[in-house]
Amino acid sequence: MKLSAASPKEIALGVAVGAVGAAIFLFAFPAGSISTLVHNVFRLPGPGAGIALVFGPFLVFVVLVSSLLTRANGQALITASAFAISCTLLVCAFRARTDPKGVFGSVLFLAAVALLGLAVEVVLVVGKAFSRLAHCLLAGGLANAVLLVFYWLAIFPRTASGVKGKDIPLLMGICLVCGLWAAYLAWLVSRPLCRALALKLKE
Amino acid sequence: MCGPADFGALHTSLARLAALFAGGVTTYAIYKIVSVCRERRLEPDTHKDATYDPLRALSVQGPGERSNS
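Residues numbered from 1 in each chain as written. Chains lettered and ligands numbered in written order. Predicted model: local features only at pLDDT ≥ 70, side-chain atom pairs only at ≥ 80, totals over all residues.

### Thoughts on the packing of helix α3 (residues 49-70) of chain A against helix α4 (residues 75-94) of chain A
Residue and element names in this part refer to chain A.
Part 1 of the reasoning: At their nearest, the axes of α3 and α4 sit 8 Å apart, and the two run at 140° to each other. As the angle between them shows, α3 and α4 are arranged oblique. Here α3 and α4 pass one another in a crossing that is right-handed. Together, L59, V62, V63, S66, S67 and T70 of α3 and Q75, A76, T79, A80 and F83 of α4 make up the contact between the two elements.
Part 2 of the reasoning: Residue composition of the contact of α3 with α4, by class: six nonpolar, five polar and no charged. (Axes fitted to C-alpha atoms, helices over the stretch in contact; angles between N-to-C directions. Helix = DSSP H or I, 4+ residues; strand = E, 2+ residues; numbered from the N terminus. Parallel < 35°, antiparallel > 145°, perpendicular 65-115°, else oblique. Left-handed = near helix turned anticlockwise from the far one by under 90°. Contact = placed C-beta atoms within 7 Å. Nonpolar A, V, L, I, M, F, W, Y, C, P; charged D, E, K, R; others polar.)

### Some words on unusual backbone geometry
Residues and elements named next belong to chain A.
Part 1 of the reasoning: For R43, which is not glycine, the phi dihedral falls at a positive 55°.
Part 2 of the reasoning: Looking at where R43 falls in the secondary structure, it is placed in the loop between α2 (33-41) and α3.
Part 3 of the reasoning: Note on R43: 8 C-beta atoms within 10 Å, which makes it exposed.
Part 4 of the reasoning: Non-glycine residue V103 carries a positive phi angle of around 45°.
Part 5 of the reasoning: With respect to the helices, strands and loops of the structure, V103 is situated in the loop between α4 and α5 (107-126). (Buried ≥ 20, exposed ≤ 12 C-beta atoms within 10 Å, placed from the backbone.)

### What to know about the interface of chain B and chain A
Part 1 of the reasoning: Contact with chain B, which involves 14 residues of that partner, is made by 18 residues of chain A.
Part 2 of the reasoning: Of the residues in the side of chain B that touches chain A, the class split is nine nonpolar, three polar and two charged.

### Observations regarding the nonpolar core
Part 1 of the reasoning: Counting residues in hydrophobic clusters, the biggest one holds 64 residues, and the most contacted among them are L64, L116 and V120 of chain A.
Part 2 of the reasoning: Breaking this core down by element, the ones donating at least two residues are α1 (8-28), α2, α3, α4, α5, α6 (132-159) and α7 (168-197) of chain A together with α1 (7-50) of chain B.
Part 3 of the reasoning: Sort the elements by how many residues they give to this core and α3 of chain A lands first, with 15 residues.
Part 4 of the reasoning: Every residue in contact with L116 of chain A, bar those within four places of it in the chain, is listed here: L59, V63, A80, A143, V146 and L147 of chain A. (Core = buried A, V, L, I, M, F, W, Y, C linked by C-beta atoms within 7 Å.)

If you want it as structure tokens, here you go:
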């Protein structure tokens, strides 16, 4: 897969995908819903189950769809940054209720989402030798794991508590499986979207 | 650590996800129907060009012209 520098149209598309993704996320997951789903319905240990199961895969999906649509360098980072900034603006503008543990709209949140974008970007650039689907899956799994580890190290010790050693394998396993699944969905969705948007694939 | 359960928020979330999914499916179905209709509208024109119409050929050649074959 060839990657080239993003044109203004591709940058605009990345920003639009990130902003729409942020709006959909805030609309679809009101405060308390993710936490209730993972801890009270699925009985998963915390902290980090919501990131591994819902937030990370959602973000991986949005970022990868945007990257696969344009195949431009930096697209993942642009989309992730647009997602984080849009989330912050929407939370401030509409005073949307979010889970305080996720620190939505803070500097740490911006850093976490940008780090996920960077992880996807690095895998897409470095993993050119693999097939498109293979390095898409690799990017999804790795990016979700990077996001979870960042939350465990930098955010949850301040907002919730440190993760217990015995919970790490289970949460990391869920994180990898959900990241792979989100990446596969992004790969499936991007193909008809490419045709619909009539974007010329640079391959 | 986990906070109090909020099943109301979870119900709202599921309802909104279902609405978003339904919206996505409807949009895709409309897009598919429109693209199929567009293809069908274009098809008769291509068939017309492919079939030989002697009257049309005559008008292109002109009434006084004859083919050498």
